Amino acid sequence: MARMTNEEADYWDEYYTKNPPVPGPNGTGFFTQRRKAAHSLTIDDLSADWLMTKAIAAHKTPAEIISDMVQREIAATR
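This write-up is about the structure you can find in this document. Because the structure is a prediction, the values reported are computed rather than measured.

Calculation rules
- Sequence order as written defines the numbering, with residues in each chain counted from 1.
- In keeping with the model being predicted, local features are shown solely for residues with a pLDDT of at least 70 and side-chain atom pairs are shown and tallied solely at 80 or more, while totals for entire chains, interfaces and linings include all residues.
- Where side-chain values are given, they derive from all heavy atoms of the structure, hydrogens and water being excluded.
- Note on definitions: angles span 0 to 180 degrees between N-to-C directions of axes, and those axes are lines fitted to C-alpha atoms, for helices only across the stretch in contact.
- A run of H or I in DSSP becomes a helix once it reaches four residues, and a run of E becomes a strand once it reaches two; helices and strands are each numbered from the N terminus.
- Convention used here: angles under 35 degrees read as roughly parallel, angles over 145 as roughly antiparallel, angles from 65 to 115 as roughly perpendicular, and any remaining angle as oblique.
- Here, two residues are considered to be in contact whenever any of their heavy atoms come within 4.5 Å of each other.
- Salt bridges are counted wherever a side-chain nitrogen of Lys or Arg sits within 4 Å of a carboxyl oxygen of Asp or Glu.
- The buried label goes to any residue with under 20% of its type's maximum accessible area, the exposed label to any with over 50%, and the partly exposed label to all in between, with areas taken from a 1.4 Å probe on protein chains only.
- Pairing of N or O atoms within 3.5 Å defines a polar contact, subject to two protein rules: one partner must be a possible hydrogen donor and the other a possible acceptor, and residues neighboring in sequence count only if both atoms are side-chain atoms.
- In summary, the pairing rule links any two rings of Phe, Tyr or Trp, Trp by its six-membered ring, whose centres are within 6.5 Å, and it sorts them by plane angle into stacked for under 30 degrees, edge-to-face for over 60 and tilted for everything else.

Some points on the packing of helix α3 (residues 45-58) against helix α4 (residues 62-76)
Each pair of packed helices can be summarised by the angle the axes make with each other and by the distance between the axes. Put simply, α3 and α4 touch, their axes get as near as 8 Å, and they point 95° apart. The pairing of α3 with α4 is recorded here as roughly perpendicular in orientation. Taken together, the residues of α4 that come into contact with α3 (itself represented by Trp50, Leu51, Met52, Lys54, Ala55 and Ala58) are Pro62, Ile65, Ile66 and Met69.

Quick word on the pattern of salt bridges
Applying the stated criterion across every chain yields a total of 2 salt bridges. In this structure, the salt-bridge partner of Lys18 is Glu14, at a minimum N-O distance of 2.9 Å. Residue Lys18 and its partner Glu14 are both found in helix α1 (residues 6-18); the two are separated by 4 residues, about one turn of the helix. Given the relative accessible area of 45%, Glu14 is considered partly exposed. The salt bridge involving Asp68 is made with Lys60; its shortest N-O contact spans 2.5 Å.

What to know about the environment of Asp68
When you line up the elements, Asp68 lands in helix α4. Within the local environment of Asp68, its side chain forms a polar contact with the side chain of Lys60, the two groups lying 2.5 Å apart.

Some remarks on the packing of aromatic side chains
Tallied over the entire structure, the rule returns 5 aromatic pairs. Geometrically, the ring pair formed by Tyr11 and Tyr15 is stacked, given 6.2 Å between the ring centres and 20° between the ring planes. Here Tyr11 pairs with Tyr15, and both are found in helix α1, just 4 residues apart, close to one helical turn. Overall, the relative accessible area of 48% leaves Tyr11 in the partly exposed class. The exposure class assigned to Tyr15 is partly exposed, which follows from its relative accessible area of 33%. Arranged with centres 5.6 Å apart and planes meeting at 85°, the rings of Trp12 and Tyr15 form a pair that is edge-to-face. Taken as a pair, Trp12 and Tyr15 lie in helix α1 at a separation of 3 residues, close to a single helical turn. Residue class for Trp12 comes out partly exposed when judged on its relative accessible area of 39%.

Below you can see the structure in the form of structure tokens.
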């Protein structure tokens, strides 16, 4: 990969100093998408059905049910 020249580095330094990137809450950025992908999981149909049934009964999201399960498991190991 070619290195930047001093002129290019100066240009980009000045550009981003005057126009800093603004992170937004919409989650469309590269790193946000990569993080979301890292936090997704695939489960079998039976587990998904069970999880959805528990979530509906508890008026929670499936993510909240999983979080509760993980937190209980962590607490049990302490």
